[in-house]
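Spelled out from the first residue to the last, the chains are:
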Amino acid sequence: MAVNAGFTGRTYPPTAPYSVGREKIREFAEAVGADDVVHVDQVQARARGYRDVIAPPTFAVLLAQQCDRQFIVDPEAGIDFSRLVHGEQRFVHHRPITAGDEIVGVLTIDSVKSAGGNSMVTTRTELATIDGEPVCTATSTVVIRGGAESR
Amino acid sequence: MSHAVLSINDVQVGQKLPSRTTHIDRASLVAYTGASLDRNRLHWDERFARSVGLPDVIAHGMFTMGTAINVVSDWVGDSGRVVEYGARFTKPVVVPYEGGADVEASGVVTAVDAQTRRATVELKVTCGTDKVLGRAVAVVVLD
């Protein structure tokens, strides 16, 4: 089943705020082997001018993927999650994600394309603090591989 | 407390960044699954991965991307200086139970803008003979 192209251009309402915690940043940094002390040491982070410890550059995917779920689990979208693979990801950081941030995401479906039984969906998530300060623009392309029935 | 962040004056196009190899095994996939909340079965359920035609479980593309950027953060001296980062997932990193997988990341400077103090780094990320990330590019702001 092809992904519903009618979703192109749709923007979802802002998500509930996500509270960025020091220990989640530490856990993520350890998982990806990011050993810069700025992820775990508040004193060092402050000495570099940050308010608190900051997240590694790809931490934003955690928030962006939670936003994407609004679309992916929408039955109207017609996405078979078991056939979904990540094709491309890009981040533009307006400033580092920092412990203590309360972040909301606004998801927009930039494009839905289908070709050769596969569908390609590009989504954009604007992450900002609850006060409206822009934090990160995350763009993701996923491929939903066609099943046997579409070949 | 002094902390050395790389100066734009010390960076030239063509400059190579020290490479870094990350060993990925099932334990690292579980750790990343928990940390990222990306719990797709492809990354931890061998039976499921095989049922959709993969040879074995595969690493999250974002896990590979997350380890590769360490090359840039280490070189700059502050992870917070990475202002742009993007990549395509060109080949999966297959992680067998025995032996796991080694992902090697290296980088080269492709552009330097003294006025904005920005440098662009292109990353080469491989697992064995496979190029696992394509168009992997990061932009950093230097001192």
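All figures in this text were calculated on a predicted structure; none of them were measured in a lab.

Okay, the overall build of chain B next. Along its length, chain B carries four helices and six strands. For chain B, the succession of helices and strands along the chain, N to C, is β-α-α-α-α-β-β-β-β-β. Referenced to the eigenvectors of the C-alpha coordinate spread, the extents of chain B come out at roughly 55 × 35 × 20 Å. Across the 143 residues that make up chain B, the buried fraction comes to 39%. In chain B, once contacts between residues fewer than 6 apart in sequence are set aside, the share between residues at least 24 apart is 68%.

A word on the overall build of chain A. Scanning chain A from N- to C-terminus turns up three helices and five strands. When the helices and strands of chain A are read in sequence order from the N terminus, they spell out β-α-α-α-β-β-β-β. If you line up chain A on its principal axes, its C-alpha atoms span 55 × 30 × 20 Å.

This part takes up the interface of chain B and chain A. Residue-level contacts link 30 residues of chain B with 29 residues of chain A. Residue assignment for the side of chain B that touches chain A shows that the elements contributing at least two residues are helix H1 (26-36), helix H3 (61-68), helix H4 (70-76) and strand E2 (82-89) of chain B. With eight residues, the top contributor of residues to the side of chain B that touches chain A is E2 of chain B. Broken down by class, the residue content of the side of chain B that touches chain A amounts to 15 nonpolar, 11 polar and four charged. The pairing of strand E2 (residues 84-93) of chain A with E2 of chain B spans five bridges and is antiparallel. Within E2 of chain B, the residue paired with valine 92 of chain A across the bridge is glutamate 84 of chain B.

Let us look at the confidence of the model for chain B. Confidence in the prediction for chain B averages 96 pLDDT; 98% of positions are at 70 or higher. With a pTM of 0.95, the predicted complex shows an ipTM of 0.96.

Before going further, it helps to examine the packing of helix H1 (residues 22-32) of chain A against H1 of chain B. Packed helices, taken two at a time, are described by the angle between their axes plus the distance between the axes. The interhelical angle for the contact between H1 of chain A and H1 of chain B, taken along N-to-C directions, is 150 degrees, at an axis separation of 9 Å. In terms of axis orientation, H1 of chain A runs roughly antiparallel to H1 of chain B. For the pair H1 of chain A and H1 of chain B, the sense of crossing is left-handed. Between H1 of chain A and H1 of chain B, the residues in contact are Glu27, Phe28, Ala31 and Val32 of chain A and Ala31, Tyr32, Ala35 and Ser36 of chain B, respectively. Each residue belonging to the contact of H1 of chain A with H1 of chain B can be placed in one class, and the counts come to six nonpolar, one polar and one charged.

For H3 of chain B, the tally of buried residues reaches eight of eight residues, placing the bulk of the element in the interior. Those residues of H3 of chain B that fall on the buried side of the exposure criterion are Gly61, Met62, Phe63, Thr64, Met65, Gly66, Thr67 and Ala68 of chain B.

A few words now on the environment of histidine 93 of chain A. Inspection of the secondary structure puts histidine 93 of chain A in strand E2. Along the primary structure histidine 93 of chain A and leucine 127 of chain A are separated by 34 residues, whereas in three dimensions their C-alpha atoms are 9.4 Å apart. Filtering out sequence-adjacent residues up to four positions away, histidine 93 of chain A remains in contact with Pro57 and Cys136 of chain A together with Val82 and Val83 of chain B.

The rules behind the values
- Residues numbered from 1 in each chain as written.
- Chains lettered and ligands numbered in written order.
- Predicted model: local features only at pLDDT ≥ 70, side-chain atom pairs only at ≥ 80, totals over all residues.
- Helix = DSSP H or I, 4+ residues; strand = E, 2+ residues; numbered from the N terminus.
- Buried ≥ 20, exposed ≤ 12 C-beta atoms within 10 Å, placed from the backbone.
- Contact = placed C-beta atoms within 7 Å.
- Nonpolar A, V, L, I, M, F, W, Y, C, P; charged D, E, K, R; others polar.
- Pairing = 2+ DSSP bridges.
- pLDDT = per-residue confidence, 0-100.
- Axes fitted to C-alpha atoms, helices over the stretch in contact; angles between N-to-C directions.
- Parallel < 35°, antiparallel > 145°, perpendicular 65-115°, else oblique.
- Left-handed = near helix turned anticlockwise from the far one by under 90°.

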